[in-house]
Amino acid sequence: MKRFIGFVRKEFFHIFRDKRSMFILFGMPIVQILLFGFAITNEINNVEIAILDNSKDNETRKIIQKINASPYFNIETEVLSEKHIETVLKKGKVKAILVFESNFAEKLEIKKLANVQIITDATDPNTANTISNYVQSILQNHQQLLNKNARIPYQISVQTQLQYNPELKGVFNFVPGVMTVILMLVSAMMTSISITREKELGTMEILLVSPLKPFQVIIGKVFPYIFLSIINALVILVLGFLVFEMPIEGSYLLLAFETILFIVTALSLGILISTISQTQQTAMMISLMGLMLPVILLSEFIFPISSMPLPLQYISNIIPAKWFIVILKGIMLKGVGLQFLWKETLILLGMTVFFIVLSVKKYKIRLE
Amino acid sequence: MSISVHNLSKSYDKIKALDAISFEVNEGELFGLIGPDGAGKTTLFRILTTLLIADEGVAKVANMEVVKEYKRIRESVGYMPGRFSLYQDLTVLENLNFFATIFGTTVEENYELIKDIYIQIEPFKDRRAGKLSGGMKQKLALCCALIHKPKVLFLDEPTTGVDPVSRKEFWDMLKRLNKHGITILVSTPYMDEAALCDRIALIQHGKLLEVDSPQNIVDRHQKIIYNVSAENTYRLIQDLKRFPTQEAVYAFGEFIHYTDSKSSFSPEELRAYLLQNNHKNVDIHTAVTTIEDVFMDLASTFKSEAIEN
C-alpha cells in the first residue's frame, strides 16, 4: 500500500509540474464548454434578412413588422428590384430575402391567394433550412389571424410539444457532448501519454526491474486521472448549470456512477493505447485520430446517427462515447433511471472489461 | 557464484548481439565488461536484469534463474541503465524517496550505504534532477540504484559522458561499495577504467575475447609494444604501415604504438627505415602494455580470423 501511495504521489508531482497537462486538465474543459455553449450553436438569432416589397400595402407592412419584431430576424435593407437580389446575397451579410408580389393585399382580398417568395443563401444548408422554416411559421401565424372569422370546412390543427427541451436549446445537446469529449481526452489521452513517457525516458526500464507489479504501475498511473476526471466532470456540470441552466432531472447518484464508469472505460482505452505505442507522440496521434474524431463525429454529439449511412451507423455502436451520451441525456434531460438505461450501462461495462483484459494481456513485463 | 552465464546468445533480426557467451562473477567482485559501443554490453545487462530473454543459454543472478525467477531477481538487484533514467521533473530528494518507497524501504534505513555518495549531492537535494550536471546525475542514479541494498549492482556505462574528475570519483565510490560486499557488474568503453576492476571481460561483436584480472591479461600478452614518435605524425603512421613486418600500428596518446610480427625484430631496423624515409627526431622505445593494447591486438586477430572463416 505504501508503495502504491508513493507511486501516486509521484504521479501528482508530474501532473502539477507540467503546465501543458494542467492546461489540458483544467483550462480546456472551461474553454470548450463556453465555446460550444455560446459560439458554436445551430440556433438562429438576429439573422439579417432583406425585403423586396413589390406591393407596399397594408398587408405586407403588417407581415414585415411581425418578422422584424421576432428575435430571430433583423431586417437589414430593402431591396429595390429583382436585379439587386443577387448582389445583396453575394455580399454575404444578408442570409435571406423575402419577396412579396405586387398587389399583395388586393390579390389576397379578391383571389384569396397571394404569393411570397423566400430566397435563402444556402451556402450553409442548415441555417438556410432553419430560416425558411421560421419565416414560414411566421407567415402561417399571420394566415391564421386572417382566417379567424372565416370558417374553413376541414382543418387539421397541429399542436407541437417539444418534450425535455421546450426551448430547443442547442446547449442542452452540447453539455453532455463536451463532457464526453473532455472525459475521453483527459482520461484516455493523458494516461496513454503519461505511461508512454516512462517508456520514452527510460524510467519504465527501472520500474520493470523493481518489485512493483504491472497492475500496481498501471493503477498507480491511472488513479490520479480518475480523481482529476471526476473533478472535471463536476466543473462541467456546475458550469452547465450556472451558465446555461442545464438541468439534471434524474438521480445524482446514478449520474455519478455512470460518469465514473465512463471514466474507467476511457482510462482502460488509454492503457491499451499505451501498451501498443512506444513514444508519447504515437500515443497522442492514436488518441487524437482513433478516439477524438470518432467521439466527435460518430457519437450523436454533433451529427445525428440516424441520418448517417448504414455502415457508419454500425460503426458508431463500438464507440463508447455514443452510449455515454445516451445515458447522460437520459439522466440529465429526461430524468430516467437505470431501468431505462441498463442496456447502455451494460454495454459500457462490457467494453471496459474487454479493454482491461486486452491491455493486461498486451502489457509487457519485459522490454520487447 | 553471484552471476553465472552459460552459452548465452541473443540476436536481433540477423545481427548477433551476443554469441555463446559464458563467464562467472564471484560474490563481492567488481567485474568489468570492457568493449566498444555495439559490442553487446547493454544486451547482456538487459538479459541479466530480466528485461530481455536470451535466445539460447542459461543465466543466473544471485543463484536465481533470470527467466523463471525474474520476480525474485527484480527485488534483489540494483540497475542503472546506460541512459539517465530518473524523473527529471522530480527533485533529488523526491527521486530518492520514490525509489526507496517502491522497494519497500526508506532512505534512513540504508543511509549508511549511500552516505558517501549522497553527501556530495545533498547541497542540491531540492533541485530538479533534470537540472543537475552529468556527474551529479550519475551520482544520484547510483544512490537510487543502491537505496534498497541490492545483492548485485548492474551499472551500464555509468561514466559515459562524465568529466574525468567525476569519473575518478565515481570509481572510488564503486571501490568503497565493493567493501560492503555488493557484487558489481559494470560496463565501460573506457579501457583505462578496466585496470580498476577485480576482473574484466573483454567483449567485441557479441563474443568474449578474454576473461581474467587486468594484470593477468596484460602479463599474458607477450608482444612487445614500441612507442614511436617523429615530427610528422601523419606521415609516420603511413610509413609504419608500409614497413614489411609490421603487425599493428595505431595512435596512442602522443605516440604511435607499433608491434612487429617478427620475433627477431630489432628497433634499429625500424629506425633505419624511418630515417631513410626522411623522418626527423625519430624516437623508439618499449612501452608499458595496457589493456587497450591487449584489446586492440585481440580485436584485430579476432577480426582477421572472422574474415578467414
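Residues numbered from 1 in each chain as written. Chains lettered and ligands numbered in written order. Predicted model: local features only at pLDDT ≥ 70, side-chain atom pairs only at ≥ 80, totals over all residues. Heavy atoms only, no water.

A few points about the domain arrangement of chain A
Alright, step 1. What the domain assignment reports for chain A is domain 1 (7-40 + 169-362) and domain 2 (47-146).
Alright, step 2. Between the C-alpha centres of domain 1 of chain A and domain 2 of chain A there is a distance of 47 Å. (Domains from an automatic or database assignment.)

Some points on the interface of chain B and chain A
Alright, step 1. Listed as interface residues are 30 residues of chain B and, on the opposing side, 26 residues of chain A.
Alright, step 2. For the pair chain B and chain A, the summed buried area comes to about 2700 Å², and 61% of that belongs to carbon and sulfur atoms.
Alright, step 3. Linking chain B to chain A there are two salt bridges.
Alright, step 4. Residues R46(B) and E205(A) are paired through a salt bridge, measuring 3.2 Å at the closest nitrogen-oxygen approach.
Alright, step 5. Joining chain B to chain A, the criterion identifies twelve residue pairs in polar contact (both at pLDDT 80 or more).
Alright, step 6. Listing elements by their share of the side of chain B that touches chain A, those giving two or more residues are helix 2 (70-76), strand 6 (77-80) and helix 3 (92-102) of chain B.
Alright, step 7. Looking at which element gives the most residues to the side of chain B that touches chain A, the answer is helix 3 of chain B, with five residues. (Contact = heavy atoms within 4.5 Å. Buried area = accessible area lost by both parts, 1.4 Å probe. Salt bridge = Lys/Arg side-chain N within 4 Å of Asp/Glu carboxyl O. Polar contact = N/O pair within 3.5 Å; in protein donor to acceptor, adjacent residues only side chain to side chain. Helix = DSSP H or I, 4+ residues; strand = E, 2+ residues; numbered from the N terminus.)

Digging into the confidence of the model for chain A
Alright, step 1. A residue-level look at chain A finds 98% of positions with pLDDT of 70 or above and a mean pLDDT of 87.
Alright, step 2. When the elements of chain A are averaged for pLDDT, strand 2 (residues 73-78) of chain A gives the smallest value, 81, and helix 10 (residues 252-276) of chain A the largest, 93. (pLDDT = per-residue confidence, 0-100.)

Here we look at the nonpolar core
Alright, step 1. Counting 163 residues, the largest nonpolar core has L142(B) and F154(B) as the members making the most contacts within it.
Alright, step 2. Sorting elements by how many residues they give to this core places helix 7 (residues 171-201) of chain A first, with 17 residues.
Alright, step 3. If near-sequence neighbours (up to four positions away) are discounted, L142(B) is found in contact with M80(B), I117(B), L153(B), L155(B), F170(B), M173(B), L174(B) and L177(B).
Alright, step 4. Within the second largest apolar cluster, 17 residues are counted, among which are V47(A), I51(A), I64(A) and I67(A). (Core = buried A, V, L, I, M, F, W, Y, C linked by side-chain atoms within 4.5 Å. Buried < 20%, exposed > 50% of the residue type's maximum accessible area, 1.4 Å probe, protein only.)

Observations concerning the pattern of salt bridges
Alright, step 1. Evaluated as defined, the whole model comprises 23 salt bridges over all chains.
Alright, step 2. One network of salt bridges, in which partners are shared, links K10(A), E11(A), E198(A) and K221(A).

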